[in-house]
Structure formats: structure tokens, C-alpha cells
Amino acid sequence: MSKKFYAVSRTTGERWKPRKGIKEFLVMYDSGYLAVATYYDWEGYAISPLNQQEWQCVTKKGSVE
């Protein structure tokens, strides 16, 4: 997961984690919305947006190097 942002469940407060055995990670659009990129060997990547009512985006503040 990225050190700059992550997703937190609004109901449970737990961080988003990739499913076991599946290559997936969070991505952020320029607009600030989050999506899950899933890699499939036979198709490439599939991107599906996270539900904004269920997941909250948390960004870490820090200095830009």
C-alpha cells in the first residue's frame, strides 16, 4: 500500500486490504477518488472504483522531496 494515502471503512474503521492470493492495489484518480486495480494474467488490469459511502480516503501530510 502507498505511504501517501489509504482507505478506511466508514462502518468498521478498518483499513482497506487486498484480497489474499489476488494482485490488487489502491489507485487514486486526479479528482481524489479511489479505485482498486486488479491484475489478471490473461486480461491485464481491471480498475473498479471504491464506493465513497463505504470507504473514506485518508491522506498523509508530509514534505515533498
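It should be noted that the structure appears before, not after, this text.
Residues numbered from 1 in each chain as written. Predicted model: local features only at pLDDT ≥ 70, side-chain atom pairs only at ≥ 80, totals over all residues. Heavy atoms only, no water.

## Comments concerning the side chain of serine 9
Next up, step 1: Here serine 9 lies in strand β1 (residues 5–9).
Next up, step 2: Among the polar contacts listed, one links the side chain of serine 9 to the side chain of threonine 11, at a separation of 3.2 Å.
Next up, step 3: Excluding residues that lie within four positions of it along the chain, serine 9 makes contacts with Glu14, Glu54 and Trp55. (Helix = DSSP H or I, 4+ residues; strand = E, 2+ residues; numbered from the N terminus. Polar contact = N/O pair within 3.5 Å; in protein donor to acceptor, adjacent residues only side chain to side chain. Contact = heavy atoms within 4.5 Å.)

## Thoughts on the nonpolar core
Next up, step 1: If you look at the biggest cluster of nonpolar residues, it comprises eight residues: Phe5, Ala7, Trp16, Leu26, Leu34, Val36, Leu50 and Trp55.
Next up, step 2: Here valine 36 is in contact with Trp16, Glu24, Phe25, Leu26, Ala46, Ile47, Ser48 and Leu50, once residues within four sequence places are set aside. (Core = buried A, V, L, I, M, F, W, Y, C linked by side-chain atoms within 4.5 Å. Buried < 20%, exposed > 50% of the residue type's maximum accessible area, 1.4 Å probe, protein only.)

## Description of the side chain of glutamate 24
Next up, step 1: Along the chain, glutamate 24 falls in strand β2 (residues 24–28).
Next up, step 2: With a relative accessible area of 11%, glutamate 24 lands in the buried category.
Next up, step 3: A distance of 2.8 Å separates a polar side-chain atom of glutamate 24 from the backbone nitrogen of arginine 19.
Next up, step 4: Once you skip the residues sitting within four places of it in the chain, glutamate 24 turns out to touch Trp16, Pro18, Arg19, Val36, Ala37 and Thr38.

## Here's the deal with the pattern of salt bridges
Next up, step 1: Applying the stated criterion to the full structure yields one salt bridge.
Next up, step 2: Here glutamate 24 makes a salt bridge to arginine 19, at a shortest N to O gap of 3.1 Å.
Next up, step 3: For arginine 19, a relative accessible area of 48% gives the class partly exposed. (Salt bridge = Lys/Arg side-chain N within 4 Å of Asp/Glu carboxyl O.)

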